[in-house]
Amino acid sequence: MSAEEGADSVDAQHELLARVAALLDEIGDVGDTDDESAVVQVGVTRASVRVIALAEDLRVVSVTQLLALNLPNTEALRDDVEELDATLSFGNLRRSDPTGVTTDVLQYYTFPVGGLADIPLLTVLHIVLSAGDDIARKLVDAS
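Source: prediction; values computed, not measured. (Residues numbered from 1 in each chain as written. Predicted model: local features only at pLDDT ≥ 70, side-chain atom pairs only at ≥ 80, totals over all residues. Heavy atoms only, no water.)

(A) Spatial organisation of the sheet that holds strand β1 (residues 29-33). The six strands lie next to each other as β1-β2-β3-β4-β6-β5, forming an open sheet whose pairing is antiparallel. Sheet topology places β1 and β5 (92-95) at the edges, where each strand pairs with a single neighbour. Strand-to-strand twist across the sheet, computed as the mean angle between neighbouring axes with direction ignored, equals 25°. Relative to the sheet, helix α2 (residues 75-87) contacts β4 (58-72), β5 and β6 (102-112), its axis offset from that of β5 by approximately 165°. (Pairing = 2+ DSSP bridges. Helix = DSSP H or I, 4+ residues; strand = E, 2+ residues; numbered from the N terminus. Axes fitted to C-alpha atoms, helices over the stretch in contact; angles between N-to-C directions. Contact = heavy atoms within 4.5 Å.)

In structure tokens:
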């Protein structure tokens, strides 16, 4: 890959991230945006959304959404996370520290973005982030 092709690829990635950030503004409050990610507040959650180039023509959107912070890391929480994870159509839930006294709960989801027009892209982002917000509320109510 020439330097010019590399610069074009980086420019395309930045343009895609700007497009994603603009769409995220339809879902929640977009805060920090840099060359690599955008942070969005959706309900009680915050998510980092990144665009990653896996290959020349393969870019993915990666969502990491913080659902709950410093929850007591009990067997009941483990069971709740596993049960709620099974209800997701998109993404998965994980505890940040499965063995610690407290843990955070995060949702992860990555999907290819190539060829998605704005409405389908917005729809996927909305489904993922809204599901995370719903789960966050359930986790906080359960604790």
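(B) Spatial organisation of the environment of glutamine 13. By the element assignment, glutamine 13 lies in helix α1 (residues 3-24). The residues touching glutamine 13, leaving out its near neighbours within four places in the chain, are Val51, Ile52, Ala53 and Arg59. From its side chain, glutamine 13 meets the backbone oxygen of valine 51 in a polar contact 2.8 Å long. (Polar contact = N/O pair within 3.5 Å; in protein donor to acceptor, adjacent residues only side chain to side chain.)

(C) Here's a closer look at the confidence of the model for the chain. Per-residue pLDDT for the chain has a mean of 90; in total, 92% of the residues score no lower than 70. Ranking the helices and strands of the chain by mean pLDDT puts β6 first, with 97, and α1 last, with 79. (pLDDT = per-residue confidence, 0-100.)

(D) Main features of the pattern of salt bridges. Scanning the entire structure with this criterion turns up four salt bridges. Among the salt bridges present, the one from arginine 78 reaches aspartate 79, with a minimum N-O distance of 3.0 Å. Linking aspartate 133 and arginine 137 is a salt bridge whose minimum nitrogen-to-oxygen distance equals 3.1 Å. Note that aspartate 133 and arginine 137 are positioned in helix α3 (residues 118-142) at a spacing of four residues, about one turn of the helix. By relative accessible area, which is 9% here, aspartate 133 ends up buried. Sharing partners across several salt bridges, the network here consists of Arg78, Asp79 and Glu82. (Salt bridge = Lys/Arg side-chain N within 4 Å of Asp/Glu carboxyl O. Buried < 20%, exposed > 50% of the residue type's maximum accessible area, 1.4 Å probe, protein only.)

(E) Representation of unusual backbone geometry within the structure. Even without glycine at this site, asparagine 70 takes up a positive phi of about 55°. Assignment of secondary structure puts asparagine 70 in strand β4.

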